[in-house]
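Here are the chains, one letter per residue:
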Amino acid sequence: PEKKNSHLQKAVQVLQEEISKRTGLYLPVKYKQPEDHRKAITICIEGRMVNVPEKIRAAMQNLPETGKEGFKIIMNNDNTLIIAGHDEAGALYGAGWLLRKMEMNGKRILIPAGTSISSTPAYPIRGHQMGYRPKTNAYDAWGIEQFDSYIRDLVIFGANSIEIMPPRTDDDFRSIHMKLPAIEMIAQQSRICKEYGLNVWMWYPNMGSDYTSHDSIKKELEEREKVFSVLPRLDALFVPAGDPGELDPDVLFGWLGKVATVLHKYHPEAKIWVSPQAFKPGKEWYSAFYKNVNKQYDWFGGIVY
């Protein structure tokens, strides 16, 4: 029912394309309620079901309430199936749930009779790391289409976050398998995630040798500016306190304050997350770490553990 809602259109596109891959059938899109005898899948937002018949809205209301990224799906007289997202993300996850339950063979699509579900994710962060670097022995050989396809599969199974990496995180800067330079591919990964409405995380370890001198800090910040500026979307930066980049907590948090200034130049709402990840942290290290955590910096997102 919403022509100009790009994220709702993405849920429609995923359903169309994944059904077409398996059956050769490409379901057409209509923007008005189908006649009673026509079989149809309706994708909408529950709070904006103005074009859906009253009896279906009533049936939806009888299902348990959903929360953020949740969805309701209900079958009406074996003809119409309604996917109603709590929000746009919920509509996409509802489409994913339906794809997992469908039976598709030949030119036939089967949906379980009496389908009726209300579902909300149990966890707010459901993510997967996809590092475009030689160490993985896999992703470095992928092209843009393969990343899109794999990220879509993760969405269909409920992921809402993808963690990418800056170019400089490995023993080797590039591999012979790479289709694009790393700086270009991470921009594509971010773009793909943005189109699916996914949160984009970045794991960004401190690879430099000095985070106290003016010249080395300047060089490190310039690198981060180059990386942050090419990403269409970045929601969270995860900086490990070690492995690599072991830093004293006071030095670490002082440095992160400078990183946050550059980060917010391009992604004003992004937060920085930190892990207490050092190889042999003692009592003093933890005391200094939590002293900084408890200062509640406005750029601080939380602790990764």
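That block above? That's the structure.
Here the structure is a predicted model, which is why all the values come from computation and not from measurement. Residue positions are counted from 1 within each chain, in the order its sequence is given. Selection of residues for local features in this predicted model requires a pLDDT of at least 70, selection of side-chain atom pairs for listing and counting requires 80 or more, and totals for whole chains, interfaces and linings are taken over all residues. To obtain the side-chain values, all non-hydrogen atoms of the structure were used and water was disregarded.

> Go over the overall build of the protein with me, naming the residues and quoting the values.
The secondary structure content of the protein amounts to eight helices and twelve strands. Counting only C-alpha atoms, the protein reaches 75 × 45 × 35 Å along its principal axes. The classification of residues rests on relative accessible area computed with a 1.4 Å probe and restricted to protein chains. Under 20% of the type maximum is buried, over 50% is exposed, and intermediate values are partly exposed. Counting over 305 residues, the protein shows a buried share of 47%. We call two residues in contact when some of their heavy atoms are within 4.5 Å. A sequence separation of at least 24 residues applies to 72% of the contacts in the protein between residues at least 6 apart. A 1.4 Å probe and the Shrake-Rupley method give the accessible areas. Residues count as covered only by the protein chains that appear here. Of the accessible surface of the protein, which amounts to about 16,000 Å², a share of 52% is contributed by carbon and sulfur atoms. For the protein, the separation between the mean place of its 39 positive charges and that of its 37 negative charges on side chains is 5 Å. Strands here mean DSSP runs of E at least two residues long; helices mean DSSP runs of H or I at least four residues long; both are numbered from the N terminus. By the counting rule applied here, Lys and Arg register as positive and Asp and Glu as negative, while His and the ends of each chain are not counted. Every charge is mapped onto a representative atom, which is NZ of Lys, CZ of Arg, CG of Asp or CD of Glu.

> So what about the pattern of salt bridges? Which residues, and what values?
The working definition used for a salt bridge is a side-chain nitrogen of Lys or Arg within 4 Å of a carboxyl oxygen of Asp or Glu. Under the counting rule described, the total for this entry stands at 19 salt bridges. With a closest N to O distance of 3.8 Å, K10 and E195 form a salt bridge. One end of the pair, K10, is in helix α1 (residues 6-23); the other, E195, is in helix α5 (residues 182-196), and 185 residues separate them in sequence. Residue classification places K10 among the buried positions, given a relative accessible area of 8%. Linked by salt bridges that have partners in common, E17, E18, K21, R22 and R152 make up one network.

> Tell me about helix α4 (residues 144-156), residues and numbers included.
Here α4 contains 13 residues, and its C-alpha end-to-end distance of 18 Å stays within 8% of the 18 Å for a straight helix at 1.5 Å per residue. Those residues of α4 that sit buried are F147, D148, I151, R152, L154, V155 and I156. Considering only its buried residues, α4 is in contact with α1, α3 (88-101), β7 (127-129), β8 (161-164) and α5. One or two residues past the end of α4 sits G158, with phi positive at roughly 105°. Multiply 1.5 Å by the residue count of a helix minus one, and that product is the helix's expected span.

> Explain the packing of α1 against α3 to me, using residue names and the numbers behind them.
To obtain an axis, a line is fitted to C-alpha atoms, over the contacting stretch when the element is a helix, and the angle between two such axes runs from 0 to 180 degrees between their N-to-C directions. Where α1 contacts α3, the axes come no closer than 8 Å and their chain directions differ by 15°. One way to sum up the angle between α1 and α3 is to call them roughly parallel. In the packing of α1 onto α3, the handedness of the crossing is right-handed. Counting all contacts with α1, which are made through H7, L8, K10, A11, V14, L15, E18 and I19, the residues of α3 involved are E88, A91, L92, A95, L98 and L99. Just so you know the grouping, Ala, Val, Leu, Ile, Met, Phe, Trp, Tyr, Cys and Pro go in nonpolar, Asp, Glu, Lys and Arg go in charged, and all remaining residues, Gly too, go in polar. Of the residues in the contact of α1 with α3, the class split is ten nonpolar, one polar and three charged. Orientation categories follow fixed angle ranges, with anything under 35 degrees roughly parallel, anything over 145 roughly antiparallel, 65 to 115 roughly perpendicular, and all other angles oblique. Handedness of a crossing follows from how the near helix is turned relative to the far one, being left-handed for an anticlockwise turn of less than a right angle and right-handed for a clockwise one.

> How would you explain the nonpolar core if you had to name every residue and give the values?
Among the nonpolar cores identified, the biggest contains 73 residues, and L15, I151, M202, F228, L237 and I272 are the most heavily contacted of them. Those residues in contact with I151 that sit more than four places away from it in its chain are M130, I162, I192, C193, Y196 and L198. For our purposes a nonpolar core is just a set of buried Ala, Val, Leu, Ile, Met, Phe, Trp, Tyr and Cys residues, chained together by side-chain atoms within 4.5 Å. Core analysis: the next-biggest nonpolar cluster, separate from the first, contains nine residues, V52, I56, M60 and I82 among them.

> Before we move on, could you go through the packing of aromatic side chains and cite the residues and values that matter?
The criterion for an aromatic pair is that two Phe, Tyr or Trp rings (for Trp, the six-membered ring) have centres within 6.5 Å, with stacked assigned to planes under 30 degrees apart, edge-to-face to planes over 60 apart and tilted to the rest. By the definition in use, this model includes 19 aromatic pairs. The interplanar angle of 50° and the centroid separation of 5.1 Å between the aromatic rings of W201 and W273 together place this pair among those described as tilted. Here W273 lies in strand β11 (residues 271-275) and W201 lies in strand β9 (residues 199-203), a separation of 72 residues in the sequence. This pair shows no difference in class: W201 is buried, exactly as W273 is. Seen in terms of ring centroids, F253 and F289 are 5.7 Å apart; in terms of plane orientation they differ by 70°. Their pairing is edge-to-face. Of this pair, F253 sits in helix α7 (residues 249-266) while F289 sits in helix α8 (residues 283-293); the two residues are 36 residues apart in sequence, bridging distant segments of the chain. For the pair shown, F253 and F289 are each scored as buried. Through a chain of ring-to-ring contacts, three or more aromatic side chains come together here, namely F253, W285, Y286, F289, Y290, Y297, W299 and F300.

> I'd like a rundown of the pairing of β9, residues and numbers included.
Most of β9 sits out of view: four of its five residues are buried. Any two strands with at least two DSSP-identified bridges between them are counted as paired. With four bridges joining them, β8 and β9 adopt parallel strand pairing. The residue of β9 that forms the bridge with S161 is N199. Clockwise travel from the first strand over the helix to the second, with the strands pointing away from the viewer, marks a crossover as right-handed. In this view, the connection linking β9 to its parallel neighbour strand β10 (residues 236-240) by way of helix α6 (residues 214-230) has right-handed handedness.

> Please set out the sheet that holds strand β12 (residues 300-303) residue by residue, giving values where relevant.
The parallel open sheet is built from six strands, whose spatial order is β7-β8-β9-β10-β11-β12. In this open sheet, the two strands that pair with only one neighbour each are β7 and β12. Sheet twist, expressed as the average angle between the axes of neighbouring strands with direction ignored, equals 25°. Note: β7 against β8, three bridges, orientation parallel. The residue of β8 that forms the bridge with G127 is S161.

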